[in-house]
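Observations on the three-dimensional arrangement
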Amino acid sequence: MKKDFVSISDLTRADVERILDLATRLKDRQAIDRKLKGKTLALVFEKPSLRTRVTFEVGMTQLGGHAVYLSQSDIGPGKRESVSDIARNLERWVDGIAARTFRHGTVVELAANGSIPVINALSDEEHPCQALADFLTIREKKGDLASVRLAYLGDVNNVCRSLVMLASLTGTSMVVGTPAAALQSPATVSGEGEEASAFASALRRVEVRTDVDPKEVVKDADVIYTDIWVSMGEEDRAEEKVRDLRAYQVNSEVLEAAKKDVIFMHCLPAKRNQEVTDEVLDGPHSVVFDQAENRLHAQKALLLLLLGGDVESIQR
Ligand code: CP
Ligand code: NVA
């Protein structure tokens, strides 16, 4: 594995298998393994969080280590202090950084300026930890990832980008149903450096359907996935985005157009009755809280592999 996990493009297919297998073993054991005893993870968060913050903190505790939460107002990356100086300080005290940022480039800069592993805990361009937990969930529910059909409806955002890249890496069949306007939005076509070109080539390997009935898009789907239409930091574009995405709501009609045993996924938080109806979110096909639980198991595996925990005894 590379030193950092900034993007799905940092992983090979073998890395993904290793992480998911280790996550499954950790989940099955439900044991407190103090494999990261004495290690500290800094959480550098510019945006709010429930799932990501709690699962990283609980994950470190369960592995015998410790997490330090640093909010925007505590350290002000790029405002109170430069991002590179933050990295050069933190590497003297802690063993790893999980960073949730606005600009993807901030995570890249933290990684480039320190010797310790940096994990992307969500940036404007990717949410790779979410995608790993989601594919763990899909594998649990549907088996072989290469035999699954995943239909993503709605905004082509950070979550979608990581899912597209992971689907392309694992050979999972994926279709993205989105309005042409969303596909041409700055968030979709822009992007920084390597991540942008890795996403562009992954996008060519999945199917993209613009301006078609979502019921057409989900035909034959084993999994339907959606996310909020207005991501953190995009509040000034809310009106335009809601207007463009309105036709892409996941409701009972859309669900009925997929396979009978389709599962519904959402990274949460959801804006209820906007991108998904209560009926679907709380219905029998929904696995959203299994996804949330799997954030813990997938990230514990990642932490062990990146922060140098002894994984041999868990691998067996
Ligand atoms: N899915 C997810 O990352 O949730 P939080 O924003 O609450 O961390
Ligand atoms: N796309 C969402 C995901 C939140 C977990 C956002 O960036 O706000």
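In the block above lies the structure referred to throughout.
Residues numbered from 1 in each chain as written. Chains lettered and ligands numbered in written order. Predicted model: local features only at pLDDT ≥ 70, side-chain atom pairs only at ≥ 80, totals over all residues. Heavy atoms only, no water.

1. Observations regarding the state of the cysteines
This model, assessed by the stated rule, comprises zero disulfides. Here Cys129 is not disulfide-linked; the sulfur of Cys267 is the nearest cysteine sulfur, at 13 Å. A relative accessible area of 1% places Cys129 in the buried class. This cysteine, Cys267, is not joined by any disulfide, and Cys160 carries the nearest cysteine sulfur, 11 Å off. (Disulfide = S-S within 2.5 Å. Buried < 20%, exposed > 50% of the residue type's maximum accessible area, 1.4 Å probe, protein only.)

2. Considerations on the sheet that holds strand E2 (residues 66-71)
On the basis of which strands lie adjacent, the open sheet formed by four strands has the order E2-E1-E3-E4 and parallel pairing. The sheet is open, and its two borders are formed by E2 and strand E4 (118-120), each paired with just one other strand. Adjacent strand axes in the sheet meet at a mean angle of 20°, parallel and antiparallel pairs treated alike. Sheet analysis places strand E1 (residues 40-45) next to strand E3 (residues 96-100), joined by five bridges and oriented parallel. Across the sheet, residue Phe45 finds its bridge partner in E3, namely Arg100. (Pairing = 2+ DSSP bridges. Helix = DSSP H or I, 4+ residues; strand = E, 2+ residues; numbered from the N terminus. Axes fitted to C-alpha atoms, helices over the stretch in contact; angles between N-to-C directions.)

3. Points about the site of ligand 2
Surveying the vicinity of ligand 2 reveals the residues Leu122, Asn157, Asn158, Val159, Asp227, Ile228, Ser231, Met232 and Leu268. At a separation of 2.7 Å, a nitrogen atom of ligand 2 approaches a polar side-chain atom of Ser231. With the chains in place, 97% of the 270 Å² that ligand 2 exposes on its own is no longer accessible. Here the residues of the shell around ligand 2 are counted per class, giving five nonpolar, three polar and one charged. (Near = heavy atom within 4 Å. Polar contact = N/O pair within 3.5 Å; in protein donor to acceptor, adjacent residues only side chain to side chain. Areas by Shrake-Rupley, 256 points an atom, 1.4 Å probe, with all protein chains shown as cover. Nonpolar A, V, L, I, M, F, W, Y, C, P; charged D, E, K, R; others polar.)

4. Description of the pattern of salt bridges
Side chains carrying opposite charge are able to pair once their charged atoms draw close together. One pass over the structure, following the stated rule, counts 22 salt bridges. Of the charged contacts in the structure, one is a salt bridge between Arg149 and Glu207, with a shortest N-O distance of 3.1 Å. Of this pair, Arg149 sits in strand E5 (residues 149-153) while Glu207 sits in strand E7 (residues 207-210), placing them 58 residues apart in sequence. Residue Lys215 is joined to Asp213 by a salt bridge in which the shortest nitrogen-to-oxygen separation is 3.4 Å. The exposure class of Asp213 is partly exposed, given its relative accessible area of 37%. What emerges from the salt-bridge pattern is a single network uniting Asp155, Glu234, Arg237, Glu240 and Lys241. (Salt bridge = Lys/Arg side-chain N within 4 Å of Asp/Glu carboxyl O.)

5. Remarks on the side chain of Ser84
Along the chain, the position of Ser84 falls in helix H4 (residues 83-93). We classify Ser84 as buried; its relative accessible area is 13%. Excluding residues within four positions of it along the chain, Ser84 makes contact with Glu109 and Asn113. (Contact = heavy atoms within 4.5 Å.)

6. What to know about the site of ligand 1
Surrounding ligand 1, one finds Ser49, Leu50, Arg51, Thr52, Arg100, His127, Gln130, Cys267, Leu268 and Arg295. Here Arg51 contributes a side-chain N or O atom positioned 2.8 Å from an oxygen atom of ligand 1. Within the backbone of Leu268, a nitrogen or oxygen atom sits 2.8 Å from a nitrogen atom of ligand 1. Of the residues belonging to the shell around ligand 1, the class tally is three nonpolar, four polar and three charged.

In short, geometric facts, not functional conclusions.
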